[in-house]
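Notes for the structure review
These are the residues of each chain, in order.
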Amino acid sequence: MLLSAFTEDLLVRVYSKLGSDSDRKTWRLVCKDFLRVDSVTRRSLRVLRSEFLHGLLSKYKNLDTLDLSVCPRIEDATVSVLLSQAVNSVSWTRWVTRLVLSRASGLRYGGLERLVGACPCLEVLDVSYCWGYGDREAWAISSVRGLRELKMDKCLGVSDVGLAKIAVGCGKLERLSLKWCMEISDLGVDLLCKKCLELKSLDVSYLKVTSESLCSIASLPKLEVLAMVGCPFLDDYGLQFLEHGCPSLQAIDVSRCGCVSSSGLISVIRGHRGLAILNAGYCFSELSAMVLHSLKDLKNLNTIRIDGAQVSDSSFQTFSTNCKSLVEIGLSKCVGVTNMGIMQLVYGCVGLKIVNLTCCRYITDEAISALANSCRNLVSLKLEACDKVTEKSLDQLGSCCLQLEELDLTDCCGVNDKGLKYLSRCSELLSLKLGLCTNISDKGLAYIAHNCTKISELDLYRCTSLGDDGLAALSSGCKNLMKLNLSYCNGVTDTGVQYIGRLGQLSDLEMRGLVNLTSEGLTAVVAGCKKLSDLDLKHCGNIDDSGFWALSYYSRNMRQINMSYCAVSDVGLCMVLGNLTRLQDVKLVHLMNVTVKGFELALRACCVRIKKVKLIGSLRFLLSTEILETLHARGCKIRWE
């Protein structure tokens, strides 16, 4: 059948069924009709390189989501150019409801004001990690009257004044995150709670707010989710206000609030019997009997995290009896977790899907076998540093938990090749961490590679028995791999790394301390892995300029790189920092072959777009004042080692 026989409506219906970016990219390449359907139908755009921004926005006129978070150096002038193209044509801003500007620290008040003002339908705005944003930028945001969701994490300059402007101007806000906005106090939170009565989700984590803020927050009638992680001045007195407030509360996170005890937690539980999510990790040293007793009233509780607390077998008996709806439990670094306790837990909580047992060092195969047999819908299991776990546990997981997607076995020295053979029956695995599992070899990795073809994240940190043959198997079977850690796998050579070049989807690669890796291996990787955005080459001392020249030519999507302790020279460093136009974060410690002049030239080449750079401390007194001031003026954070 000829393509011309398909109507545009039919093509649009087919296009809507495409599930991945690669499928949509292939679609666009078929013919002009398919390309036109893509242009008309596409609703979301995540721009990777700023030089393509103008052309893409000219092409896609019906966007509702624009993500510029990974596009380097969006500045006020960039916005002026983008908006000018709408003067004599249909504006791409007309339907935009969601705008992601996270880490766009180069965009300041003028550009932000113009951009949000040009989007009349804007409802969701993310300016998180724009650390230079202050009250002027908050003023620009306050003009978006229809705003319903705002993320301002780590906007360090925003104070109570800026928050007040947003509260007054954006009265329809339903979700707000102020994490790490250190200049905001009780005064700002109080005004927010008086003006934004539609709030359903609020995050004030790491703020220096006190119980007065909780008194204000308690007045929010529709609040469902409240996060207060690491708030040092929040205490039990403040949580008592919540007992009689926030009638719609369903999820609360008070983890790492050092002044909160069992008493405060009981107040929250007593006032909110519909609570579904309770996170109290690292709050108190011991899970008291009174807290456990109060849990019986939480019939809808599906998630509880009590990381760092001391527990007992009787604690798990209570969970098993009173919390039968549990889907997730966090027990990381809990003292007192035993085989008996886990067996009692899973006897009643058969619906568990997510279990974190990190550093629960006393559990053995007996506990994991009970977990696997009872909780057959298990999706995520973290067993880091559970060194008594052996291949017997993996046999049970491979037999019973066929829906398992995430497994962390870091530092589980009892894991071996036979165990990986059993585990490979879990064909739905997406993330597998085997760091410090020194008893696995190429044979075990081959089992995983052949059967777990959906894996997108694999951590092999310090798996010293692995070699090139394992990577050959990996490159054949795990074509969807996006994150790979090979750091300190000293058996890997250029031959093995060349196989990695066949993983076209790879974006994050750690090869720290590969002493047998040379420029030849690096060239093969960067030539094949065009999507690489994060690369760690620290202590790869045999890579010279020829490898970094290849890197500067092929890796145009690179955003973060660690070149510390490498053998690069002035020329190679200038090539990398000058050619990689998306580079935002670079670590350049102990580059012994680079001169002060080389550092100067390289930093000048990237100062327009770089956001973070790490240098050896002595350069603080050797680099010119001009380059340091230029980097600071451009919003670049310099970290000295």
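Residues numbered from 1 in each chain as written. Predicted model: local features only at pLDDT ≥ 70, side-chain atom pairs only at ≥ 80, totals over all residues. Heavy atoms only, no water.

Quick look at the overall build of the protein
Within the protein, the secondary structure is distributed over 26 helices and 24 strands. Projected onto the principal axes, the alpha-carbon positions of the protein cover approximately 70 × 65 × 65 Å. Burial analysis of the protein (641 residues in total) assigns 53% to the buried set. Sequence-distant contacts in the protein: of pairs separated by 6 or more residues, those separated by 24 or more amount to 74%. Per element, the accessible surface of the protein, about 26,200 Å² overall, is 52% carbon and sulfur. The protein carries 75 positive and 67 negative side-chain charges, and their two centres are separated by 5 Å. (Helix = DSSP H or I, 4+ residues; strand = E, 2+ residues; numbered from the N terminus. Buried < 20%, exposed > 50% of the residue type's maximum accessible area, 1.4 Å probe, protein only. Contact = heavy atoms within 4.5 Å. Areas by Shrake-Rupley, 256 points an atom, 1.4 Å probe, with all protein chains shown as cover. Lys, Arg positive; Asp, Glu negative; His and termini not counted. Charge placed at Lys NZ, Arg CZ, Asp CG, Glu CD.)

Quick look at the packing of helix 19 (residues 442-451) against helix 20 (residues 468-477)
Running from N to C, helix 19 and helix 20 cross one another at 0 degrees; their axes reach a closest spacing of 8 Å. Classified by the angle between their axes, helix 19 and helix 20 sit roughly parallel to one another. Along its contact with helix 19, which presents Asp442, Leu445, Ala446, Ala449 and His450, the element helix 20 presents Asp468, Asp469, Gly470, Leu471, Ala473, Leu474 and Gly477. Taken together, the residues of the contact of helix 19 with helix 20 break down into six nonpolar, three polar and three charged. (Axes fitted to C-alpha atoms, helices over the stretch in contact; angles between N-to-C directions. Parallel < 35°, antiparallel > 145°, perpendicular 65-115°, else oblique. Nonpolar A, V, L, I, M, F, W, Y, C, P; charged D, E, K, R; others polar.)

What to know about helix 14 (residues 313-322)
The complete set of buried residues in helix 14 reads Ser315, Phe316, Thr318, Phe319 and Ser320. Where helix 14 is buried, its residues touch helix 13 (289-294), strand 11 (303-305), strand 12 (328-330) and helix 15 (339-348).

Quick notes on the nonpolar core
A general feature of soluble globular proteins is that nonpolar side chains tend to end up buried together. Formed by 203 residues in total, the largest nonpolar core has its most connected members in Ile217, Met228, Leu242, Phe319, Leu357 and Leu407. Among the elements that make up this core, the one with the highest residue count is helix 16 (residues 365-374) (five residues). If we skip the residues at most four places from it in the chain, Met228 touches Val204, Ser205, Leu214, Leu234, Leu239, Leu242, Ile252, Asp253, Val254, Ser255 and Cys257. (Core = buried A, V, L, I, M, F, W, Y, C linked by side-chain atoms within 4.5 Å.)

With respect to the packing of aromatic side chains
Applying the stated rule across the entire model yields five aromatic pairs. On the numbers, 6.2 Å between centres and 55 degrees between planes, the contact of Phe316 with Phe319 is tilted. Note that Phe316 and Phe319 are positioned in helix 14 at a spacing of three residues, about one turn of the helix. We note that Phe316, like Phe319, is buried. Seen in terms of ring centroids, Tyr461 and Tyr488 are 6.0 Å apart; in terms of plane orientation they differ by 90 degrees. Their pairing is edge-to-face. (Phe/Tyr/Trp six-rings, centres within 6.5 Å; stacked < 30°, edge-to-face > 60°.)

Digging into a nonpolar patch on the surface
A contiguous nonpolar patch, built from Trp549, Val571 and Met575 and spanning about 270 Å² of accessible area, is present on the exposed surface. In this structure, Val571 sits in helix 24 (residues 570-579). Residue class for Val571 comes out partly exposed when judged on its relative accessible area of 48%. (Patch = residues over 30% accessible without salt bridge, like charges linked within 9 Å, V, L, I, M, F, W, Y side chains within 5 Å. Salt bridge = Lys/Arg side-chain N within 4 Å of Asp/Glu carboxyl O.)

Here's the deal with the packing of helix 22 (residues 519-528) against helix 23 (residues 545-554)
Two elements in contact, helix 22 and helix 23, have axes whose closest approach is 8 Å; the angle formed by their N-to-C orientations is 5 degrees. As the angle between them shows, helix 22 and helix 23 are arranged roughly parallel. Residue-level inspection shows Ser519, Leu522, Thr523, Val526 and Ala527 of helix 22 in contact with helix 23, the latter providing Ser546, Gly547, Phe548, Ala550, Leu551 and Tyr554. Broken down by class, the residue content of the contact of helix 22 with helix 23 amounts to seven nonpolar, four polar and no charged.

Some points on the side chain of Ser211
Positionally, Ser211 belongs in helix 10 (residues 211-217). Assessed through its relative accessible area of 8%, Ser211 is described here as buried. A polar contact of 2.7 Å, which involves the side chain of Ser211, links it to the side chain of Asp235. Residue contacts for Ser211: discarding those within four places in its chain leaves Phe233, Leu234, Asp235, Tyr237, Gly238 and Phe241. (Polar contact = N/O pair within 3.5 Å; in protein donor to acceptor, adjacent residues only side chain to side chain.)

Quick look at unusual backbone geometry
At Trp180, a residue that is not glycine, the phi angle is positive and equals roughly 65 degrees. If you check the backbone angles, Arg462 has positive phi at about 55 degrees while not being a glycine. Within the secondary structure layout, Arg462 lies in the loop between strand 17 (457-459) and helix 20.

Some thoughts on the UniProt feature "domain: F-box/LRR-repeat protein 15-like leucin rich repeat" (unreviewed entry) in the protein
According to UniProt, the positions carrying the feature "domain: F-box/LRR-repeat protein 15-like leucin rich repeat" (unreviewed entry) are residues 289-476. Helix makes up 38% of residues 289-476 and strand makes up 11%, while its end C-alpha atoms are separated by 53 Å. (UniProt positions renumbered as here; feature names shortened; annotations may be inferred.)

Focus: the side chain of Ser555
Position of Ser555 among the secondary structure elements: in the loop between helix 23 and strand 21 (560-562). We classify Ser555 as buried; its relative accessible area is 0%. Non-local contacts of Ser555, meaning those with residues more than four positions away in its chain, are made with Val526 and Leu580.

Some words on helix 24
For helix 24, the set of buried residues is Gly572, Leu573, Val576 and Leu577. Buried residues of helix 24, seen end-on, are gathered within an arc of 120 degrees and therefore sit on one face of the element. Those residues of helix 24 hidden inside the fold are in contact with helix 23, strand 22 (585-588) and helix 25 (596-606). (Arc of directions from axis to C-beta.)

Examining the pattern of salt bridges
Taken as a whole, this structure holds 20 salt bridges when the rule is applied. One salt bridge connects Arg46 with Asp67, and the closest N-O pair in it is separated by 3.4 Å. Of this pair, Arg46 sits in strand 1 (residues 44-46) while Asp67 sits in strand 2 (residues 65-67), placing them 21 residues apart in sequence. Note on Arg46: relative accessible area 47%, which makes it partly exposed. Put simply, Glu328 and Arg305 hold a salt bridge, and the shortest N to O gap is 3.0 Å. Residue Glu328 is located in strand 12, and its partner Arg305 is located in strand 11; the two are separated by 23 residues in the primary sequence. With relative accessibility at 23%, the residue Arg305 sits in the partly exposed group. Each member of the salt-bridge network shares a partner with another, and the members are Arg148, Glu174 and Arg175.

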